[in-house]
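Given next are the chains, with one letter for each unit.
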Amino acid sequence: MKKIIKRALALLLGLCGLAIAQPAVEVGPSSPVILVPPKTAALVLEDRQGKMSLDEAKSRLSDFRRASDMPPPNSISAYWVALSLHSTQADDHVIRIVPTVGLGWKDIRISVVDADGKITHITNYTGVQGMHNRIANENPLRSLSSPAPSQYALLTLKPGRSVTVFLRMYADQRFPPKAYAPQIIDHQRYLEMRRLGLYIEGALAGAMLALAIFGWYNALHTRNAASYAYGVWILFALVSAIGQPVHDGQRLFELFIDVSNIQINHLHLTEFIGAAASFGQSMTYVIFARVFLELKDRFPGFYQFTHAYLIFYLAAAAARLLWDQHTIPAQTFWLPIGLSTWLVLIGVFTCAFIRMREGFEVARFFMIAMFPYLLFRTVFILNVLSWSSPLSLLPDVGIFYFIKEPTTAQAFGVTLEALIMALAVVARTRTLQEQLSHNIQIQKELVENQNRILEATVAERTRELEEQHEELEETHQIVIGSVNYASRLQRSQLPRAHRLQERFRSIGVVWEPRDTIGGDLWWISSSQHSGPFSLAVADCTGHGVPGAMLSLLVSNSLERIYSSDPQVRPAEALMLLDFLVRTGLNQDAEDSESDDGCDAAIVRIDRDACQVEFASAKLVLFHLHPDGAVHRHAGARASLGYQQPPNEEDTPVNQTIAYAPGDVFVIVTDGLTDQPGGDGATPVAFGYRRIEQALSALRGQTAKEISQGLHATFNRWQGLRQRRDDVTLVVFSL
């Protein structure tokens, strides 16, 4: 009992001493809605360790100092504030006790001690925590559970009674508090004033949401980098604007989502989202400015500087969100962030001005939009430095009361910035579209001019080509006529019918130049001489006109040889032909420019002796017997008429071959044996073996029928492949 009496006396003496040192603040009918106590009315005690209890604070009332005598608070120490209130109301009066309009202080605990020493703890919250408004859970058509619900704890003052309020709190880093004494708010009248705040906040939130929808619609429609950058920035700006705390709540959470007890690291969820959105909004704005003003191409030096700024800002954001900085002075942490942002914005503004001077007219919108953005950034820096901002000069009436709030000013600035930037993005898009249309028109005109020039050039060139075509056609007709005439001449050099009469039992000849004229020929000695006669087949070098000219030389040479000696033997005739061709082409001279010749075979036929004498340079004689057996008689390996005469061992020799009635002899040129063909994927030469097989299959037929059958077999073998050389085939029976 003695201890209780001693404690009561001590408390009474303390309260009496406090009452003497600290005048009570009267709360009555004439008090304003928001009552700001004078600095002399509040007593303050700094708790450097932050471990002092309420009892210890009451026991150290003598150490409390007037708020007017205290230095600005820091974020390291805890502060105890004592304030006496006296109600002069005629009935119960409900008030709110809000430290510095709800900002500047955090980790707040409020306790009330009445005149009887009774202690009541009316609230214990962290300051900015997005406290949920119970109105969001009530049906407005029915009676509310409380006549005046609020997200803040309320204190009811009894008429004529006095109480002492003890507040224990920490200073916030971002927005250092301006005063120690809390504000006393008339709850009922404040709810009426709060309606205007909700209108303002709703208008700002609606405007930001509309701008976000517009930004992304425009980005998806235009698909350019500046529109996408604006869309990303406006999303961060939207979350930042509607998530900022104000003097009476937090826009995003107080009426929609209840997150009152959720922590992430050292921050409440609302603080975490707001800080992340603020940092993201600042960074994405710089990124948007870089794309919009084309800093990478126009100002590469400043572009690299913004790289460094973004890295620094990202590191600061990580530090803010992941580590508790309450032990670091506010200016040490926030001043570099604010100043670096302000310098970057000044640099962006300067670049926009230069771009406007260069003719980029939409940069003017960008500059206009930056004014409110720079203003609220300047207000932020002044708050960090604990200096008064220009907004503090606004009157405490109507909308100005809300604009004086730093976070509301920031929301206004971001909204105005976003609105004007939307116009800038639209203007930029329209400008780019106009430039694109202009460039397309220029390209169209260039293309039309090029088309006109091209059409004129094509017409001129077509006319020239038509003239050239006419000339070429005339030349072609001359050449064709000449070749056809040469073909008639060449054909006239082949053996006539009177040279064949009564010399053969049957004879079949196929003579097919690859072109109209060619280098193959066959020849028979004159029928004016009695006795044995000779038949020759030659394959001259080349085909076409050169081959035909050489074939005439060979034919004339054969005529000369046999006119001098009708009974010359085949081997000697071939050697004479070699000499005549070489000298006729002047290839025996050292300065000869040609090296041409022929392959040839001569058969001397003696019908009385029933034998043939055969000599050849490379060509082959096939001997078909009535039983189908085929013998192949090869010639010498040397050709005739070339600059280098044949070696002695390669010169043609005479071969005597006896024959019987019904035997057939065949001579072919290499145009037949070397022709590729067949049914396989890879063509192969017709060759000697297929000739022998075809002849054996045609045994018993006349020479003419055999030549036709062998020719048909050859054509099937060749198929659609191109003819490579002249083809000559001579078949005869005796």
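Residues numbered from 1 in each chain as written. Predicted model: local features only at pLDDT ≥ 70, side-chain atom pairs only at ≥ 80, totals over all residues. Heavy atoms only, no water.

K.L.:
When you look at the overall build of the protein in this model, what are you seeing that I'm missing?
P.N.:
If you tally the helices and strands in the protein, you get 16 helices and 27 strands. When the 734 residues of the protein are sorted by exposure, 49% land in the buried category. By sequence separation, contacts in the protein at least 24 residues apart represent 74% of the contacts at least 6 residues apart. In the form shown here, the protein has an accessible surface area of approximately 36500 Å², with 57% of it arising from carbon and sulfur atoms. (Helix = DSSP H or I, 4+ residues; strand = E, 2+ residues; numbered from the N terminus. Buried < 20%, exposed > 50% of the residue type's maximum accessible area, 1.4 Å probe, protein only. Contact = heavy atoms within 4.5 Å. Areas by Shrake-Rupley, 256 points an atom, 1.4 Å probe, with all protein chains shown as cover.)

K.L.:
Could you clarify how one ought to interpret the confidence of the model for the protein in this entry?
P.N.:
Reading fine detail from the predicted coordinates is not recommended where pLDDT is low. Overall, the predicted model of the protein reaches an average pLDDT of 84, with 88% of residues at or above 70. Contacts from residues 2-20, a stretch scored under 50 in pLDDT, to residues over four places away or in other chains number nine contacts. (pLDDT = per-residue confidence, 0-100.)

K.L.:
Just to check I follow, could you spell out the nonpolar core for this structure?
P.N.:
Nonpolar side chains in soluble globular proteins generally cluster together in the buried interior. If you look at the biggest cluster of nonpolar residues, it comprises 70 residues, and the most contacted ones within it are Y230 and F366. Put simply, the parts of the chain that give this core at least two residues each are α3 (187-222), α4 (225-242), α5 (269-292), α7 (300-322), α8 (330-357), α9 (363-384), α10 (398-403) and α11 (406-493). Broken down by element, the residue count for this core peaks at 11 residues, all from α11. Ignoring any residue separated from it by four or fewer positions in sequence, one finds F366 in contact with Y285, F288, A289, F292, L293, V348, A352, M421 and A424. Core analysis: the second largest hydrophobic core is formed by 29 residues, V27, L35, A67 and V81 among them. (Core = buried A, V, L, I, M, F, W, Y, C linked by side-chain atoms within 4.5 Å.)

K.L.:
In this structure, what is going on with the environment of G662? I would like to understand it.
P.N.:
Along the chain, the position of G662 falls in the loop between β23 (655-658) and β24 (664-668). In this structure the C-alpha to C-alpha distance between G662 and L624, which are 38 residues apart in sequence, comes to 8.8 Å.

K.L.:
Hey, could you run me through the pattern of salt bridges in this one?
P.N.:
Under the counting rule described, the total for this entry stands at 21 salt bridges. The closest approach of N and O atoms between E613 and R569, which form a salt bridge, is 2.2 Å. Taken as a pair, E613 in strand β20 (residues 611-617) and R569 in the loop between α12 (544-564) and α13 (570-584) lie far apart in primary sequence, 44 residues in all. Since its relative accessible area comes to 41%, R569 is described here as partly exposed. A salt bridge links R632 to E692; the nearest nitrogen and oxygen atoms lie 2.9 Å apart. A residue pair is termed long-range when its members are at least 10 positions apart, and R632 in strand β22 (residues 630-633) and E692 in helix α15 (residues 687-697) qualify at 60 residues. Under the relative-accessibility criterion, R632 is labelled partly exposed at 42%. When salt bridges that share partners are traced, they join E294, R298, R355 and E358 into one network. (Salt bridge = Lys/Arg side-chain N within 4 Å of Asp/Glu carboxyl O.)

K.L.:
Explain the environment of F360 to me, please; I cannot follow it from the model alone.
P.N.:
In this structure, F360 sits in the loop between α8 and α9. For F360, a relative accessible area of 10% gives the class buried. Residues F360 and T431, spaced 71 residues apart in sequence, show a C-alpha to C-alpha distance of 9.1 Å. With residues up to four places along the chain from it excluded, the contact list for F360 reads F292, R355 and R428.

K.L.:
How do you make sense of α4 when you look at a structure like this?
P.N.:
Since one α-helical turn is 3.6 residues long, residues separated by three or four positions face the same way. The end-to-end C-alpha distance of α4 is 26 Å, a good match for the 26 Å that 18 residues give at a rise of 1.5 Å each. Residues of α4 that are buried: A226, S227, A229, Y230, G231, W233, I234, A237, L238, S240, A241 and I242. (Expected span 1.5 Å × (residues − 1).)

K.L.:
What is the right way to look at the pairing of strand β18 (residues 533-540) in this model?
P.N.:
Here is the key point about a regular strand: its side chains alternate between the two faces of the sheet. By the criterion of burial, β18 is predominantly enclosed, with eight of the eight residues buried. What you see with β18 is no split at all: F533, L535, V537 and D539 on one side and S534, A536, A538 and C540 on the other are buried throughout. Examined bridge by bridge, strand β17 (residues 520-524) and β18 share five bridges and lie antiparallel to one another. Within β18, the residue paired with W522 across the bridge is V537. (Pairing = 2+ DSSP bridges.)

K.L.:
Where do I start with the packing of aromatic side chains in this structure?
P.N.:
This structure, assessed with the given rule, holds 25 aromatic pairs. On the basis of an interplanar angle of 70 degrees and a centroid distance of 5.9 Å, the ring pair of Y79 and W105 is categorised as edge-to-face. Of this pair, Y79 sits in strand β5 (residues 78-87) while W105 is found in strand β7 (residues 105-114), placing the two residues 26 residues apart along the sequence. Each of the two residues, Y79 as well as W105, counts as buried. Among the aromatic residues, ring-to-ring pairing joins Y230, W233, Y285, F288, F292, F360 and F366 into one connected group. Taking NZ or CZ as reference, R355 lies 4.3 Å from the ring centre of F360, over its face. (Phe/Tyr/Trp six-rings, centres within 6.5 Å; stacked < 30°, edge-to-face > 60°. Lys NZ or Arg CZ within 6 Å of the ring centre and 35° of its normal.)

K.L.:
Looking at this structure, how should I read the side chain of Q675?
P.N.:
Within the secondary structure layout, Q675 lies in the loop between α14 (670-673) and β25 (676-677). Polar contacts involving the side chain of Q675 include one to the main-chain carbonyl oxygen of Q722, which spans 3.1 Å. At 3.0 Å, the side chain of Q675 forms a polar contact with the backbone nitrogen of R724. Beyond its immediate stretch of four places on either side in the chain, Q675 contacts D670, V684, A685, F686, F714, W717, Q718, Q722, R723 and R724. (Polar contact = N/O pair within 3.5 Å; in protein donor to acceptor, adjacent residues only side chain to side chain.)

K.L.:
Help me understand unusual backbone geometry in this model?
P.N.:
The phi angle of most residues is negative, glycine excepted, and most peptide bonds adopt the trans form. One non-glycine residue, E502, lies in positive phi territory at about 60 degrees. Counting through the fold element by element, E502 comes out in the loop between α11 and β16 (506-512). Taking the relative accessible area as the measure of exposure, E502 reaches 74% and is therefore exposed. Non-glycine residue C610 carries a positive phi angle of around 55 degrees. If you trace the backbone, C610 turns up in the loop between β19 (598-606) and β20.

K.L.:
How should I be thinking about α13 in this particular structure?
P.N.:
The end-to-end C-alpha separation of α13 is 20 Å, in line with the 21 Å expected for 15 residues at 1.5 Å each. Residues P570, A571, A573, L574, L577, D578, L580, V581 and R582 constitute the buried set of α13. Of the surrounding secondary structure, the elements contacted by the buried residues of α13 are α12, β19 and β20. Residue N586 follows α13 closely and has a positive phi angle near 60 degrees.

K.L.:
How should a negative patch on the surface be read in this particular structure?
P.N.:
Taken together, E466, E470, E471, E473 and E474 make up a surface patch of like negative charges. Turning to its location among the elements, E474 is positioned in helix α11. (Patch = residues over 30% accessible without salt bridge, like charges linked within 9 Å, V, L, I, M, F, W, Y side chains within 5 Å. Lys, Arg positive; Asp, Glu negative; His and termini not counted. Charge placed at Lys NZ, Arg CZ, Asp CG, Glu CD.)

K.L.:
What is the right way to look at the state of the cysteines in this model?
P.N.:
Covalent bonding between the sulfur atoms of two cysteines is what defines a disulfide. Evaluated as defined, the whole model comprises zero disulfides. C540 supplies the cysteine sulfur nearest to C598, a cysteine that is in no disulfide, at a spacing of 5.0 Å. The buried category is assigned to C598, whose relative accessible area is 1%. (Disulfide = S-S within 2.5 Å.)

K.L.:
How should the pairing of strand β6 (residues 93-98) be read in this particular structure?
P.N.:
Most of β6 is tucked away: five of the six residues are buried. Strand direction decides the pairing type here: β6 and strand β9 (residues 155-157), joined by three bridges, are antiparallel. Residue pairing across strands places H93 opposite L157, the latter belonging to β9. Here β6 pairs with strand β11 (residues 183-186) via four bridges, running antiparallel. Opposite V98, over in β11, you have Q183 as the bridge partner.

K.L.:
What exactly am I supposed to notice about the sheet that holds strand β2 (residues 34-35) here?
P.N.:
Backbone-to-backbone hydrogen bonds join strands into a sheet, with any given pair of strands oriented parallel or antiparallel. Read from one edge to the other, the open sheet built from four strands follows the order β2-β11-β6-β9, with strand pairing classed as antiparallel. Edge positions in the sheet fall to β2 and β9, since each of these pairs with one other strand and no more. Contacts from α3 reach β2, β6 and β11 within the one sheet, and its direction differs from that of β11 by about 80 degrees. (Axes fitted to C-alpha atoms, helices over the stretch in contact; angles between N-to-C directions.)

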